[in-house]
Amino acid sequence: MKPPRILDRWPSPMIRTIWPLDSVAHLRDRMALKIGHLPGYCCICGTLTLFRVDHPNFREHVVCVRCGSRNRQRQVALVLLSCVAGGADKLSALSNIRDIPRQTVIWNAETTRALHQRLGAHLGASYIASEYVDPTLKSGERKGGVLHVDMQHTHFENDSLDFILSSDVMEHVPLPLDALRETYRILKPGGCHIFTAPFYQHRFTNETRAALDGQGRATHLRKPWYHDDPIRPEGALVYTIFAPELLCQLEEIGFEARLCRLYAPFHGILGDNGIVILARKVLEPSHRQDWVFPGESWPLSGVDAEGAGHPPPVVSG
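Residues numbered from 1 in each chain as written. Predicted model: local features only at pLDDT ≥ 70, side-chain atom pairs only at ≥ 80, totals over all residues. Heavy atoms only, no water.

Moving on, we get to the overall build of the protein chain. Helix and strand content of the protein chain: 5 helices and 17 strands. Out of the 317 residues in the protein chain, the part that is buried amounts to 45%. For the protein chain, restricting intrachain contacts to residue pairs at least 6 apart in sequence, the fraction spanning at least 24 positions comes to 58%. In the structure as shown, the protein chain presents an accessible area of about 17700 Å², 55% of it carried by carbon and sulfur atoms. (Helix = DSSP H or I, 4+ residues; strand = E, 2+ residues; numbered from the N terminus. Buried < 20%, exposed > 50% of the residue type's maximum accessible area, 1.4 Å probe, protein only. Contact = heavy atoms within 4.5 Å. Areas by Shrake-Rupley, 256 points an atom, 1.4 Å probe, with all protein chains shown as cover.)

Quick look at the structure:
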């Protein structure tokens, strides 16, 4: 009898084994890359356009020739427009930034690129844009005309914002859970934090790559990884790469959490990595409901919290 085969290592994780895209989607991506462009509609500038498809990293490319928006920015914009419309099923294919009511208060944690420019032009005073400019500044102060905000300690009042947008920002925050608790505090009930971040699709737990020591200096737990940053020539250090654990952490904070996987060639959203996190502040999150006995209160009258004096219910199936 042959001994059981023991794997020295697991096979290389593949995205299609966890959240598969159908083969037609992959074929469409390959064809667009070979042709070099893709006709469609940009939800940021609100025009029929061509998207340049000249790089296999679809997430950071697929540029709208009219406004310069990129795939990742349109992902955030499309989820934002879906929330404004009241759900993806109510979203028009031709929805764009101009459909957002002008009284909507939006904080965007960046001050560059197409989404920022279009939101600012449309919303005016209802739109707030910031960067993490200088650790010596307090949130709400300005340097060189740029608003400084530390997402872990903002200057915004409780229940004051309708939407918070952050596109690949959370991974650079040393204490991301502190930042998420802060966004929960400052969102209005019903408000949403919509964000992208590097997200592992082959494991369940977040990865901490760096942490702050007692003197506030970065300690590297893995090889340092820096992202391009419009403020810092040296780049921005990545502290965390997220995974599905993030959704549990959002629920613990009090959010209703959704992982949105977007694939929308008409809007220039291609590739396997169209992941946007939607965290909604509600008074009674759906995950706190009893999904086994919906609509029933517990404990019942005359029954203590342990269910003493009443046999436990039997559920079949």
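Once the structure has been displayed, the description carries forward.
Applying the stated criterion across every chain yields a total of 3 aromatic pairs. The lysine or arginine in question, Lys281, covers the ring of Tyr184, its NZ or CZ lying 5.0 Å from the ring centre. (Phe/Tyr/Trp six-rings, centres within 6.5 Å; stacked < 30°, edge-to-face > 60°. Lys NZ or Arg CZ within 6 Å of the ring centre and 35° of its normal.)

Within the open sheet, the 3 strands sit side by side as E1-E2-E3. Their pairing is antiparallel. A strand with exactly one partner marks an edge of an open sheet, and here the two such strands are strand E1 (37-42) and strand E3 (63-64). Across 2 bridges, the pairing between strand E2 (residues 47-52) and E3 is antiparallel. If you follow Arg52 over to E3, its bridge partner there is Val63. (Pairing = 2+ DSSP bridges.)

Strand order in the open sheet formed by 6 strands is E5-E4-E8-E9-E17-E16, and the pairing between neighbours is mixed. Each of the sheet's edge strands pairs with one partner strand only, and the pair in question is strand E5 (127-129) and strand E16 (255-261). For this sheet, the mean angle separating the axes of adjacent strands, direction not counted, is 15°. Pairing of strand E9 (residues 187-196) with strand E17 (residues 275-281) involves 4 bridges; the strand directions are antiparallel. From the neighbouring strand, Ile194 faces E17, where its bridge partner is Leu278. In the packing of helix H2 (residues 71-85) onto the sheet, contacts are made with strand E4 (106-108), strand E8 (161-167), E9, E16 and E17, and the angle to E9 comes to roughly 160°. The sheet contacts of helix H4 (residues 176-186) involve E4, E8, E9, E16 and E17, and relative to E9 the element is tilted by about 145°. (Axes fitted to C-alpha atoms, helices over the stretch in contact; angles between N-to-C directions.)

Of note, Ala218 is situated in strand E12 (residues 218-220). Taking C-alpha positions, Ala218 is 8.5 Å from Pro174, a pair spaced 44 residues apart along the chain. Once residues within four sequence positions are removed from consideration, Ala218 is found in contact with Ala211, Leu212, Leu237 and Tyr239.

One can describe the packing of H2 onto helix H3 (residues 113-123) by two numbers: an axis separation of 8 Å at closest approach and a directional angle of 40°. By the angle between their directions, the pair H2 and H3 is classed as oblique. The residues of H3 that touch H2, namely those facing Gln73, Val76, Ala77 and Leu80, are Arg113, Ala114, Leu115 and Leu119. (Parallel < 35°, antiparallel > 145°, perpendicular 65-115°, else oblique.)

Another aspect to go through is the pattern of salt bridges. All told, the structure shown has 16 salt bridges when counted by the stated rule. When the shortest N-O distance is used, the salt bridge between Arg59 and Glu60 registers 2.7 Å. One continuous salt-bridge network, built from bridges that share partners, spans Arg59, Glu60, Arg72 and Asp168. (Salt bridge = Lys/Arg side-chain N within 4 Å of Asp/Glu carboxyl O.)

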